[in-house]
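Structure assessment
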Amino acid sequence: MQPPSSNILRRSRPAFHQAPGPKRPFAGNLRAAARDSIAFYEDATREFGGIVRFSYSKNRAWHLISDPAMIEWVLQTNFKNYPKGFFFSKRLRLLTGDGLISSEGELWLRQRRLAQPAFHRQRLAQLTDLMRDAAREMLNRWDKSPAAKPLNISDETMRLTLQVVGRALFRTELAHHADATYDALTQILAYIDFRMKHPFAASEKVPTRRNKSFLRAKNALDTIALDIIQARHRSGKDEGDLLSMLMQVRDEDSGEGMSDTQLLDEVRTIMLAGHETTAMALAWTWNLLSENPHIQRRLENEVDTVLGGREPKFDDLEKLRYTRQVFEEALRLYPSFWLLARQAKEADTIGGYDIRAGSTIALSPYITQRLPQFWPEPEKFDPDRFVPDAVRPKFSYFPFGGGPRLCIGQNFALMEAQIILAMTAQRFRLTTVPGQNLELAQTLTLRPRDDLKMTLEKRE
């Protein structure tokens with residue numbers, strides 16, 4: 001009997017069922033994504049649906065997934081097959097090293113176990129006073145500011161949240177480092193964004209002007225972080241904060257604690273995730289309230305009714321439901337981390353489409369949280385979307401990620417935002433100065449490309 005021909009063998013193999021996507025070559029996709037990543041992904045989602053494939057070689061691709069059920073599969077159901085992967089983690093590690101955001105496997109699990117107690121509900125309740133004090137200091141400073149002089153709200157929120165992080169998690173005053181930290185983070189985030197959009201650019205070890213500027217910024221941030229760690233070593237005091245917990249707690253299995261290198265990675269990670277993200281979300285919230293005065297008045301009514309002129313306490317937060325909804329809706333429109341990435345360890349099937357091992361999976365809260373099938377009138381700012389009994393697919397909203405890698409600081413950020421928004425609404429209305437360019441700077445976080453300037457009106 002004659003052996004079957006090679007043509008027959010090829011035809012007998014199961015066909016590779018790839019997801020739909022643009023047919024342009026890799027370089028064309030990459031150039032389009034680099035020009036305006038959000039617009040590029042939005043257009044692709046509108047044209048091709050909840051999963052889109054972008055080729056960059058015959059057998060390699062990255063996929064954008066916006067369908068909530070598929071997102072749940074990647075982040076939760078089959079999360080072990082989707083670590084953060086080489087492409088994303090290598091770039092993010094330029095800032096965070098092996099901190100919680102970028103570490104994987106046993107290292108991540110160990111660090112998560114060590115840090116988790118710092119974010120338990122009882123410990124968060126103890127931080128209310130610190131958050132309230134920092135907000136009050138900012139508002140008192142605003143009280144002395146000339147009414148006609150616009151404030152750079154991006155700077156104001158960065159200073160405030162840096163102060164909260166310093167006091168709450170490090171028992172350290174970071175306000176005097178605010179300018180240096182903001183400048184360093186701005187340069188580092190822009191550099192990471194550049195590296196992601198230009199994967200074939202010269203390694204950061206090559207002494208180009210861009211690389212040297214990045215290293216200067218990173219060294220400036222490291223100097224601040226190392227000062228915090230070394231000061232705690234010198235004092236030897238248990239402050240009961242996150243830093244003390246990280247320095248003193250030992251892993252149950254190995255008995256090991258954190259090295260200073262690991263502590264430095266975690267402090268840098270917290271500086272990014274603990275203040276940059278909340279600061280930008282607050283800035284966008286005030287801009288949205290300025291554009292929607294009826295929502296601003298409703299927020300003020302709730303604050304006045306619940307608090308009666310006094311400052312909020314931890315037990316008040318459950319009653320300030322609409323205040324939280326305002327912030328949640330702002331996070332829907334402007335999620336701090338607008339793009340997440342994972343990499344398939346093994347071949348898989350998502351939504352009926354084959355995913356090859358090594359494929360990059362991109363997930364965008366910004367895209368999914370504006371899909372009209374889940375969010376009617378998606379561009380409209382409507383906090384009533386988040387009433388307690390609202391029904392929607394689980395992963396149609398995921399500004400803090402999801403699954404086992406859900407952001408450890410989610411409740412910290414929500415509590416901090418509620419307190420700051422409530423205290424501000426008691427004393428001021430903020431109005432965005434007209435004619436500004438509020439185009440998005442699409443770095444890791446969603447910042448306005450230029451300063452966000454607002455004027456203050458004191459409430460009677």
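How each quantity is defined
- Residues numbered from 1 in each chain as written.
- Predicted model: local features only at pLDDT ≥ 70, side-chain atom pairs only at ≥ 80, totals over all residues.
- Heavy atoms only, no water.
- Helix = DSSP H or I, 4+ residues; strand = E, 2+ residues; numbered from the N terminus.
- Buried < 20%, exposed > 50% of the residue type's maximum accessible area, 1.4 Å probe, protein only.
- Contact = heavy atoms within 4.5 Å.
- Pairing = 2+ DSSP bridges.
- Expected span 1.5 Å × (residues − 1).
- Arc of directions from axis to C-beta.
- Phe/Tyr/Trp six-rings, centres within 6.5 Å; stacked < 30°, edge-to-face > 60°.
- Lys NZ or Arg CZ within 6 Å of the ring centre and 35° of its normal.
- Axes fitted to C-alpha atoms, helices over the stretch in contact; angles between N-to-C directions.
- 1 Å grid on protein atoms, 1.4 Å probe; cavity = no way out; pocket = protein on both sides within 12 Å on 5 of 7 lines; lining within 4 Å.
- Points joined across faces, edges and corners; volume = space filled by probe spheres on them.
- Nonpolar A, V, L, I, M, F, W, Y, C, P; charged D, E, K, R; others polar.

Within the secondary structure layout, Trp-338 lies in the loop between helix H15 (321–333) and strand E4 (340–343). Residue Trp-338 is classed as buried on the basis of its relative accessible area of 5%. For the pair Trp-338 and Trp-284, spaced 54 residues apart in sequence, the C-alpha separation works out to 14 Å. Among residues more than four places away in sequence, those in contact with Trp-338 are Ser-37, Ile-38, Tyr-41, Leu-363, Ser-364, Pro-365, Tyr-366, Gln-442, Thr-443, Leu-444 and Leu-446.

Before going further, it helps to spend a moment on the pairing of strand E2 (residues 61–65). Across the five residues that make up E2, a large majority, five, are buried. A two-sided burial pattern is seen for E2, the buried positions comprising Ala-61, His-63 and Ile-65 on one face and Trp-62 and Leu-64 on the other. In this structure, strand E1 (residues 51–55) lies alongside E2, joined through five bridges in antiparallel fashion. Following the sheet pairing, Ser-55 is matched in E2 by Ala-61. Here four bridges tie E2 to strand E7 (residues 360–363), and the two strands are oriented parallel to one another.

This paragraph deals with helix H14 (residues 293–307). An ideal rise of 1.5 Å per residue puts 21 Å on 15 residues; H14 measures up with 21 Å between its terminal C-alpha atoms. Burial in H14 covers these residues: Ile-295, Gln-296, Leu-299, Glu-300, Glu-302, Val-303 and Leu-307. For H14, the angular spread of the buried residues around the axis is 160°, confining them to a single face. Packed against the buried residues of H14 are helix H13 (260–291), H15, helix H17 (410–427) and strand E8 (428–432). Looking one or two residues past H14, Gly-308 carries a phi angle of roughly 60°, positive in sign.

Another point: the packing of aromatic side chains. This structure, assessed with the given rule, holds 14 aromatic pairs. Where Phe-40 meets Tyr-41, the ring centres are 5.5 Å apart and the plane angle is 50°; that geometry is what we call tilted. Considered together, Phe-40 and Tyr-41 belong to a single accessibility category, that of buried residues. With 6.4 Å between their ring centres and 50° between their planes, Tyr-41 and Trp-338 make a pair best called tilted. Taken together, the positions of Tyr-41 in helix H3 (residues 37–48) and Trp-338 in the loop between H15 and E4 put the pair 297 residues apart, joining distant regions of the chain. Residues Tyr-41 and Trp-338 agree in their burial class; the two are buried. Across from the ring centre of Tyr-334, 5.5 Å away, lies the NZ or CZ of Arg-370, which sits over that ring. Taking NZ or CZ as reference, Arg-392 lies 5.9 Å from the ring centre of Tyr-397, over its face.

Let us now look at the sheet that holds E4. Taken together, the four strands give an open sheet; going across it, the order is E1-E2-E7-E4, and neighbouring strands pair in mixed fashion. Lying at the two open borders of the sheet, with one neighbouring strand each, are E1 and E4. Put simply, the sheet's adjacent strands are angled 25° from each other on average, direction ignored. Contacting E1 and E2, H3 runs over the sheet at an angle of about 120° to E1. Here helix H4 (residues 68–77) sits on the sheet and contacts E1, E2, E4 and E7; the angle it forms with E7, its principal contact strand, is near 120°.

It is worth spelling out empty space enclosed by the protein at this point. Under the definition given, this model contains three cavities of 30 Å³ or more. By volume, the largest cavity is sized at about 750 Å³. Forming the boundary of the largest cavity are 42 residues, of which Ile-101, Ala-273, Phe-337, Cys-407 and Ile-408 lie nearest the centre. Among the secondary structure elements, those contributing two or more residues to the lining of the largest cavity are helix H5 (85–96), helix H6 (105–115), helix H12 (242–248), H13, H15, E4 and H17. With eight residues, the top contributor of residues to the lining of the largest cavity is H13. Class assignment for the residues of the lining of the largest cavity results in 29 nonpolar, eight polar and five charged.

Turning our attention to the sheet that holds strand E3 (residues 151–152). The three strands lie next to each other as E3-E11-E8, forming an open sheet whose pairing is antiparallel. Looking along the sheet, the strands with just one partner apiece sit at the ends: E3 and E8. Examined bridge by bridge, E3 and strand E11 (residues 453–458) share two bridges and lie antiparallel to one another. Looking at the pairing, Leu-151 lines up with Met-454 of E11. The strands touched by helix H8 (residues 128–143) within the sheet are E3, E8 and E11, with E8 carrying the most contacts at an inclination of about 70°.

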